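The residues making up each chain are set out below.
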Amino acid sequence: MASLRYYLLFDHVQIQDANAISSPLTYGFPAISGFLGAIHALNRKIETKYPIYLDGVLIACHDYHLKAYRQRAFSDYKFCLKRNPLAKNGDVRPIIEEGRIDLDVSLLVEVKVEYRETLDDDEEKQTFINQVKQKLFQQRIAGGYVVDIESVELFSSSDSNENLVYALLPGYILVEAQKELHDITAELRQQDPNTTELDALIETAKLHHHPEGKNHWYSTSIKQGRGWLVPLHLGYQAISPLFAAGEQQDVRSNEYASQFVECIYGLGKWVFPFHIKDDISQAFWHYKCSELQSNNAEIYIINQKTK
């Protein structure tokens, strides 16, 4: 049975041209699945003597540059799209552009091992660190290119939370804000009993402007006093039966079963690391899957605190 032994820190990972459109309703930061998928892919490439598993991922953002612009104040933002080479006949290529963002993030990853002696040797630890750093350079994260990694460090799971928190400064950590979503939903239901959590989620993206006297306005938001809240794409919900391999046309791979899905949304919160120093485990994101044979199968990402 694998147990948590270490935390692997990818410090200040510079990602260029990551996907800023995380779902049909949300944009501005890549989907959580973009980071968990990258670590899962990295795990499959690791070559060690004993089994090592990379599990939960904590995401800390230090800086970002969303590639968008607007012509004037208060006008809509537009994504800055690339100009792709023309086709042989001179026509514009039929490529659907994505919104892009440059990121400076740190990723803290749970490392689980099955053998107690694994990575106890300093030389073995350094070999492991060098390997994961090199392999992360060779793949994408959330669709973007890894152009620089300041350092990679391995912390013991017995280290205090404060040591890990200091290693993540300065920056903000993305955590799940399930309680805030329930509170906002309950508040809105006092006005309209038919309010759903999706209505509450959309309300967090609204800014209400109110007149106050002549030529004066003031703004309010349901998020005031609740911190830096952001809508999140948390995974997928099945909306069709499970099709056998090769049964469905135009899928990415005919080797595996396939299914139509729709997005699952939730509410996230950017917090300063010191706010979670007493329990850093609440900031890790994990995969959680239900049975694929069910029409209601879910594949989504959930915060460890509410797992």
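Below, the structure is looked at part by part. (Residues numbered from 1 in each chain as written. Predicted model: local features only at pLDDT ≥ 70, side-chain atom pairs only at ≥ 80, totals over all residues. Heavy atoms only, no water.)

Considerations on the side chain of serine 23
Put simply, the test is: The way it works is that DSSP assigns letters per residue, a run of H or I at least four long becomes a helix, a run of E at least two long becomes a strand, and they are numbered from the N terminus. Contacts between residues were defined by any pair of non-hydrogen atoms, one from each residue, lying within 4.5 Å.
Among the structural elements, serine 23 can be located in the loop between β1 (3–19) and α1 (32–45). When neighbours within four sequence positions are excluded, serine 23 is seen to be in contact with His233, Cys263 and Tyr265.

Remarks on the pairing of strand β2 (residues 52–66)
The condition is simple: When DSSP locates at least two bridges between a pair of strands, those strands are taken to pair.
Two elements, β2 and strand β5 (residues 100–113), share twelve bridges in a ladder whose sense is antiparallel. What sits directly across from cysteine 61, in β5, is valine 105. Inspection of the sheet shows β2 paired to strand β8 (residues 172–176) by two bridges, in the antiparallel sense. In the sheet register, alanine 60 faces β8, and the bridge partner there is isoleucine 173.

Looking at the environment of isoleucine 129
As a reminder, the rule being used: A simple rule labels every residue: compare its accessible area, found with a 1.4 Å probe on the protein chains alone, to the largest value its type can have, and call it buried under 20%, exposed over 50%, or partly exposed in between.
Secondary-structure assignment places isoleucine 129 in helix α2 (residues 122–137). The class for isoleucine 129 is buried, based on a relative accessible area of 11%. Sequence separation between isoleucine 129 and valine 111 is 18 residues; the distance between their C-alpha atoms is 12 Å. Those residues within four positions of isoleucine 129 in sequence are excluded, and the remaining contacts are Val152 and Leu154.

Concerning α2
We apply this condition: One fewer than the residue count of a helix, multiplied by 1.5 Å, yields its expected span. What the arc describes is the spread of directions from the helix axis to the C-beta atoms.
For α2, which comprises 16 residues, the first-to-last C-alpha distance of 23 Å matches the rise-based estimate of 22 Å (1.5 Å per residue) to within 8%. Listed in full, the buried residues belonging to α2 are Phe128, Ile129, Gln131, Val132, Lys135 and Leu136. Here the buried residues of α2 occupy an arc of 165 degrees about the axis, which is enough to place them on one side. The exposed residues of α2 that point more than 90 degrees off its buried face are Asp122 and Glu123. The elements touched by buried residues of α2 are β1, α1, β2, β6 (140–141) and β7 (144–156).

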